[in-house]
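Remarks on the overall topology
Listed here are the chains, written in short residue letters.
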Amino acid sequence: MTFRSITMFSRLAQANGSIRAQILIFCLAMGAIIVALGGYATLGIRHAADLVAKTYDESLMSINYARAAGADFAAMRVASAQRRMTKEPAIRARLDDDIERLAKSLSEDLTIAAERSQSARAAGATAKVREAADAWVALHHHGIEPSAEKGANYEANVWDPLTDQLDQLSRTVNQQVELLVNYTAGDGFLFRQRALSAIKRDLQFNVIGLSIALALSMVFSWLLLRRIIGPVATASRAARKIADGDLTVKIPEGGSDELGTLLTAMATMRNNIRAMVDREVSQRRSAQARLSDALENSREGVVLLDRDGQIALANSRASEFIGSAPQLLSPDLLRSALVQGPAAKATQVAESAVGIQELASEAQLPDGRWLRVSRSPTQEGGVIVVFSDITALKQQKAELHATNLKLDAALTHMSQGLCLYDSLARLQVVNRRFCEIFNIMPELLRPGMSFEDVLCLSVAAGNHGNQSLADLLAERESFLACQSGNYFQHLSDGRIVSIGHRSTSDGGWLITCEDVTDKQRAQSQIAFMARHDVLTKLPNRSLFAERIEHAIAQAGRGSGFAVLCLDLDNFKQVNDTLGHPVGDALLCAVADRLSACVREVDTVARLGGDEFAIIQANIQNAGDTERLARRIVEQVAEPYDLNGHPVVVGCSVGISVAPTDGATGEKLLKNADVALYRAKADGRATWRFFEPAMDATLQQRRALELDLREAMDKEEFALFYQPLYDLRRDRLSGFEALLRWAHPERGLIPPDQFIPIAEETGLISPIGQWVLNRACEQAAMWPDELKLAVNVSAAQFRNPRLIEIIANALADSKLSPHRLELEITESVLLMNSAETIATLHKLKAHGLRIALDDFGTGYSSLSYLRGFPFDKLKIDQSFVRDATAMTGSKLIVRSIIGLGKSLGMTTTAEGVETMEQLNQMRAEGCDEAQGYLISRPVPATQVASTILALSKGVKKDRWRNVIAS
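Note that the structure is a prediction, hence the values are computed from the model and not measured.

Some words on the overall build of the chain
When you go through the chain residue by residue, the secondary structure sums to 32 helices and 27 strands. Across the 965 residues that make up the chain, the buried fraction comes to 40%. Nonlocal contacts in the chain, meaning residues at least 24 apart in sequence, comprise 60% of its contacts between residues at least 6 apart. Working note: accessible area of the chain is about 52,600 Å², and carbon and sulfur atoms make up 55% of it.

This is the structure:
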């Protein structure tokens, strides 16, 4: 590469933009040169390696195999000689085999030696060796054939001529083998010479190439330095001049690279600084112009006097004022201002000047306008005088005086009584309403009267009964000492007066009086309603809590008490069937009976809804509370006659005793509520005392509720599937999806332990939606003839989006609607029968099957079957378990199956666990069976194996497997 080529390459790099691009191009060029040198060196080394391989690999291998062929031929000759010398047929046969084997090995060695040979003469020698060896073998075979036909004597007679021929062929073979070895060795020597020559040539070329690369790198480095250092020095000089304040410095134009960008940016910076300086000068000039305009157009008159009292500046407004009244700039007053300075400003302004015409803090012009004159010294010793037109302010003061007159009229006619006293407790202002409130003649109240005199007039008017002046003063002092604001004074005629006391800035005070008799009565009523139940007039929860705290304080002095929480049984049914007015009347009647059951020292409260609570005070032992609880349960259970409606309700009672069950009202109420929960769980219409185990059970349930709220987010739910077996066709007909909760600490939790909690907390809706989506998604992968059964709770039916949720689950999973079967219990039909039936009809119109689960165990009513055509009736396992015995369960099962057949409904027996139960259900005509005999619920991963296991039907030995599992 010549210097001219390098210069052209440099210009090309400069034309390609930034310095980074140029450096990249130079680096790429150097890299290309290095890659070329390295590639050439690699090829040379590979070529030399090939020559060495040919020398040592192929030539040596060819020589070795040639010598191996010579050894094989020598062994053949030895074996041939031995054969001629022996007469034993077995030895001759063995030697013949050895000769054949050696001939084959000789042929293979010659083949490899020929393949490894490097020249035509070596290959020719190999061919001649093979030819002579083949001739020797043929002659050997020709010589042994007569001996086989005529015997050993014949061999002695014909063998000598053959021996000579064999020896001659042997010499030929040995000669050709030696030639082959020599030729191959010569070829190896030639390849060695070539390899040495190639290595020498490559070394020379690499030294030259590296020298050229080093020279090129130095040239490239010199070009880069020349390209960068010069522009950088220019930019540095320009930057130094700009920093020194020279904004006229000329900055050369840069190229398109980074240094060019730097120079362009510096030029822009210089222009921006120059523009900012010009703009600052312009703004200052503009500010001066605006200040001049502001002074000229100001409504204030401004005069600037220098230290000699001469006018240095005056705007047109000041000129107007001074022209009307020259005495505004009296030399004496100005000199006084200059001598006194800023400290005497307030005094000077207050000085009296020319009467109306003389200079003062305020002055009136001849045309009637009023001015306010203010002076302030300057730093140079001068004075700034400002004249302000206050004519409008004077007018406002006049208007304010008129307003004060109107305010006096308002005080006279205001609804509150008012008295204003000065700091000496002398009456300053009193209005007519004050006289009316306290029945005092207005002419008796005169300004200047003392506060005690006014109180004496109120006492004389009979407003305070037996209270004297001293009593009233003590009452006032007591109020003022402990609080501020209003206090209430009760007059002898029953009126209540709210008296407000406010201090004034001059040390006096203002008294306002208002007749609040009606307001106080209304507030008393409101206060009563805030602490009592509106319906029953019993104390509410707030007042009950106060009574508990009072009872706790009394219990500390030795007397115990008990807290009873009551809840009416089946109160909701009364509201739903007879209406809320009858329900309200029932609550009032219950409140009356509860009040009759307790003593005056006890407290009965309504906490809300049908919940009541009682504080039984001064108890001696738990027997007192138990007798009260029994009396309450018996009295509440007595029949009621409410507006002609006979009503019977019961109640459950939970009891906590202080201080054993708690030292705070909150704890006692909580424990009584826990005991109430246990009483309701034990059958209602009874009472239970609190026990610590109850709280532990409730806490465990609440902990389970908290874990349940997190189970959806943590994906702890799983679906298990229990087979539904068709007894008529003797095959699997589908699966029922069963929800399981894989709790991280408690293990697998069955649904009967957490589904009720989910229904109470409202979590059943998202859980039910998840079950539908997941079950449909997994069932879509089953055979088309298998159906899916999913349980839907009553709480889910309260969701108005139930139909939409089911439709979305089917659409997302592409599951056919006729394969989905919804199982509901009779509690669903108890909620809102008409609306529920309508929802069921809509679901069935979409092609879904509806099954009535646990038929016969709840509020079974044939009206349900008449109101809605169910597709299936599921017989509860409690009937199936006893169906094999001669009891009523067998007849019940037979009746349910017959009812299903009559109505065209499928019947399914739940809980089949023995072959006897299965045979009994089949004999009774039941359509399907479900239970542990057929299969336990299995996870989704085992559905396929369960389908395969049940494809051959239910075997008699399956029961033994169930027992074993």
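A look at helix 12 (residues 451-460)
Within helix 12, the full set of buried residues consists of Phe451, Val454, Leu455 and Ser458. Here the buried residues of helix 12 occupy an arc of 100° about the axis, which is enough to place them on one side.

Description of the sheet that holds strand 2 (residues 311-314)
The strands making up a sheet associate through backbone hydrogen bonding, with each pair oriented either parallel or antiparallel. Read across the open sheet, the five strands follow the order 2-1-5-4-3; overall the sheet is antiparallel. Bordering the open sheet on either side are strand 2 and strand 3 (362-364), each of which pairs with just one other strand. Taking the axes of each pair of neighbouring strands and ignoring which way they run, one obtains an average angle of 25° across the sheet. Looking at chain direction, strand 1 (residues 301-305) and strand 2 are connected through three bridges and run antiparallel. Along strand 2, the bridge assignment pairs Val303 with Ala314. Sitting on the sheet, helix 7 (residues 316-324) is in contact with strand 1, strand 2, strand 4 (370-377) and strand 5 (383-389), with an inclination near 90° to strand 1.

Observations regarding the pattern of salt bridges
With the rule as written, the count across this model stands at 30 salt bridges. Close ionic contact of Asp98 with Arg101 constitutes a salt bridge, the shortest N to O distance being 3.8 Å. On the criterion of helical spacing, the pair formed by Asp98 and Arg101 is a turn pair, its members being three residues apart in helix 3 (residues 89-116). In this structure Arg101 comes out as exposed when scored by relative accessible area, which is 52%. Within this structure, Lys787, Glu821, Arg849, Lys872 and Glu928 form a network of salt bridges that share partners.

A few points about the packing of aromatic side chains
For the structure shown, the criterion picks out eleven aromatic pairs. Aromatic side chains Phe451 and Trp509 sit 5.9 Å apart centroid to centroid with 80° between the ring planes, which places their arrangement in the edge-to-face category. Taken together, the residues Phe451 in helix 12 and Trp509 in strand 10 (residues 509-515) connect sequence positions 58 residues apart. Across the pair, Trp509 and Phe451 agree in class, each one buried. Ring-pair connections join several aromatic residues into one group, and the members of that group are Phe717, Trp741, Phe754 and Trp770.

Structural notes on unusual backbone geometry
Cis geometry marks the peptide bond from Ala658 to Pro659; its omega dihedral reads 0°. Mapping Pro659 onto the fold places it in the loop between strand 16 (650-658) and helix 19 (665-681). In this structure, Lys537 is a non-glycine residue whose phi angle is positive, near 60°. Position of Lys537 among the secondary structure elements: in the loop between helix 14 (517-531) and helix 15 (541-555). Accessibility expressed as a relative area gives 46% for Lys537, which makes it partly exposed. Unusually for a residue other than glycine, Asp730 sits at a positive phi of about 55°. Tracing the sequence through the fold places Asp730 in the loop between strand 18 (717-726) and strand 19 (731-743). In this structure Asp730 comes out as partly exposed when scored by relative accessible area, which is 39%.

Structural notes on the confidence of the model for the chain
Across the chain, the average pLDDT comes to 80, with 86% of residues at 70 or higher. Confidence drops under a pLDDT of 50 for residues 333-360, and excluding neighbours within four residues, the segment shows 43 contacts in the predicted structure. Long-range and interchain partners of residues 959-965, a stretch whose pLDDT sits below 50, account for seven contacts in this model, where long-range means more than four residues apart.

Topic: the packing of helix 22 (residues 764-779) against helix 24 (residues 802-813)
The axes of two packed helices give the description: the angle between them and the distance between them. Contact pair helix 22 / helix 24: the axes reach a minimum separation of 8 Å and the direction vectors enclose 25°. As summarised for this structure, helix 22 and helix 24 are arranged roughly parallel, according to the angle between their axes. By crossing handedness, the relation of helix 22 to helix 24 is classed as right-handed. Residues Gln769, Leu772, Asn773, Cys776 and Glu777 of helix 22 pack against Ile805, Ile806, Ala809, Leu810 and Ser813 of helix 24. Here the residues of the contact of helix 22 with helix 24 are counted per class, giving six nonpolar, three polar and one charged.

Concerning the side chain of Asn431
The topology assignment puts Asn431 in the loop between strand 7 (427-430) and helix 11 (432-437). Of the polar contacts made by the side chain of Asn431, one reaches the backbone oxygen of Gln416; its length is 2.8 Å.

Remarks on the pairing of strand 18
The element strand 18 is extensively covered by neighbouring structure, given that nine of its ten residues are classed as buried. As defined by bridge partners, strand 18 adjoins strand 19 across ten bridges and the pair is classed as antiparallel. The residue of strand 19 that forms the bridge with Leu719 is Leu739. Connecting strand 18 to the antiparallel partner strand 19 that follows it, the hairpin turn spans four residues, and Asp730 within it adopts a positive phi of roughly 55°. Where strand 18 lies against strand 26 (residues 928-930), two bridges are found, and the strand directions are antiparallel.

Quick word on the sheet that holds strand 17 (residues 687-689)
Spatially, the five strands line up as an open sheet ordered 12-13-11-16-17, and their pairing is mixed. Edge positions in the sheet fall to strand 12 (603-608) and strand 17, since each has one partner strand and no second. Ignoring which end each strand starts from, the neighbouring axes of this sheet average 20° apart. As paired elements, strand 11 (residues 560-569) and strand 16 share nine bridges and run antiparallel to each other. Bridge assignment links Leu568 to a residue of strand 16, and that residue is Cys651. Relative to the sheet, helix 15 contacts strand 11, strand 12 and strand 13 (611-619), its axis offset from that of strand 13 by approximately 20°. Relative to the sheet, helix 19 contacts strand 11, strand 12, strand 16 and strand 17, its axis offset from that of strand 16 by approximately 140°.

A closer look at the pairing of strand 23 (residues 849-855)
For a regular strand, side chains alternate in direction, first toward one face of the sheet and then toward the other. Within strand 23, five of the seven residues are buried, leaving the element largely enclosed by the surrounding structure. By the bridge criterion, four bridges tie strand 22 (residues 820-824) to strand 23 in an arrangement that is parallel. Within strand 23, the residue paired with Glu823 across the bridge is Ala851. Relative to strand 24 (residues 872-875), strand 23 runs parallel, the two sharing three bridges. Following the sheet pairing, Ala851 is matched in strand 24 by Lys872.

Digging into the environment of Thr914
Residue position: Thr914 is located in the loop between strand 25 (906-910) and helix 30 (915-924). Along the primary structure Thr914 and Leu933 are separated by 19 residues, whereas in three dimensions their C-alpha atoms are 5.9 Å apart. Polar contacts involving the side chain of Thr914 include one to the main-chain amide nitrogen of Gln917, which spans 3.1 Å.

Observations regarding the packing of helix 17 (residues 580-597) against helix 18 (residues 622-637)
Helix 18 packs onto helix 17 with a crossing angle of 150° between their chain directions and a minimal axis gap of 10 Å. By the angle between their axes, helix 17 is roughly antiparallel relative to helix 18. In this structure, helix 17 meets helix 18 at a crossing whose hand is right-handed. Note on element contacts: helix 18 touches helix 17 through Leu628, Arg631, Ile632, Gln635 and Val636, opposite Val590, Arg593, Leu594 and Cys597. Across the contact of helix 17 with helix 18, the residue classes break down as six nonpolar, one polar and two charged.

Re the side chain of Glu823
Relative to the assigned elements, Glu823 resides in strand 22. Look at Glu823 and you get buried, because its relative accessible area is 1%. Here Lys874 takes part through its side chain, which lies 2.9 Å from a polar atom of the side chain of Glu823. Not counting residues within four places of it along the chain, the set of residues in contact with Glu823 comprises Glu736, Ala789, Val790, Asn791, Val792, Ala851, Asp853 and Lys874.

Section: the environment of Asp927
Within the secondary structure layout, Asp927 lies in the loop between helix 30 and strand 26. Once the C-alpha coordinates of Asp927 and Leu727 are considered, the two residues, 200 residues apart in sequence, prove to be 5.5 Å apart. Dropping the residues within four chain positions of it, Asp927 is found in contact with Tyr725, Asp726, Leu727, Arg728, Met905, Thr906 and Thr907. A polar atom in the side chain of Asp927 sits 2.9 Å from the backbone nitrogen of Thr907.

Here is what the cut-offs are and how they apply
- In this convention, every chain numbers its residues from 1, walking through the sequence in written order.
- Whole-chain, interface and lining totals are the exception, using all residues; otherwise, since this is a predicted model, local features are given only for residues with pLDDT of at least 70 and side-chain atom pairs are given and counted only at 80 or more.
- Think of the side-chain values as coming from all heavy atoms in the structure, minus any hydrogens and water.
- In this text, helices come from DSSP runs of H or I with a minimum length of four residues, and strands from runs of E with a minimum of two, each type numbered from the N-terminal end.
- Three labels apply to residues, based on accessible area from a 1.4 Å probe with only protein chains included: buried if under 20% of the type maximum, exposed if over 50%, partly exposed otherwise in between.
- Any two residues whose heavy atoms approach within 4.5 Å are treated as being in contact.
- Areas reported as accessible are Shrake-Rupley estimates using a 1.4 Å probe. Residue values count occlusion only from the protein chains shown.
- Here the arc refers to the directions that run from the helix axis out to each C-beta atom.
- Strands pair, by our definition, only if DSSP identifies at least two bridges between them.
- Axis angles are defined between N-to-C directions and span 0 to 180 degrees, where every axis is a line fitted to C-alpha atoms and, for a helix, only to the segment in contact.
- Think of a salt bridge as a Lys or Arg side-chain nitrogen and an Asp or Glu carboxyl oxygen that are within 4 Å of each other.
- Any Phe, Tyr or Trp ring, taking Trp's six-membered ring, that has another such ring centre within 6.5 Å forms a pair; planes under 30 degrees apart are called stacked, those over 60 apart edge-to-face, and the others tilted.
- The pLDDT value tells you how sure the predictor is about a given residue, anywhere from 0 up to 100.
- Angles below 35 degrees are treated as roughly parallel, those above 145 as roughly antiparallel, those between 65 and 115 as roughly perpendicular, and all remaining angles as oblique.
- Crossing chirality is assigned from the near helix's rotation relative to the far helix, an anticlockwise turn below a right angle marking it left-handed and a clockwise turn marking it right-handed.
- Amino acid classes used here: Ala, Val, Leu, Ile, Met, Phe, Trp, Tyr, Cys and Pro are nonpolar; Asp, Glu, Lys and Arg are charged; the rest, including Gly, are polar.
- Polar contacts here mean pairs of N or O atoms no more than 3.5 Å apart (in protein, one a potential hydrogen donor and the other a potential acceptor; neighbouring residues in sequence count only if both atoms are side-chain atoms).

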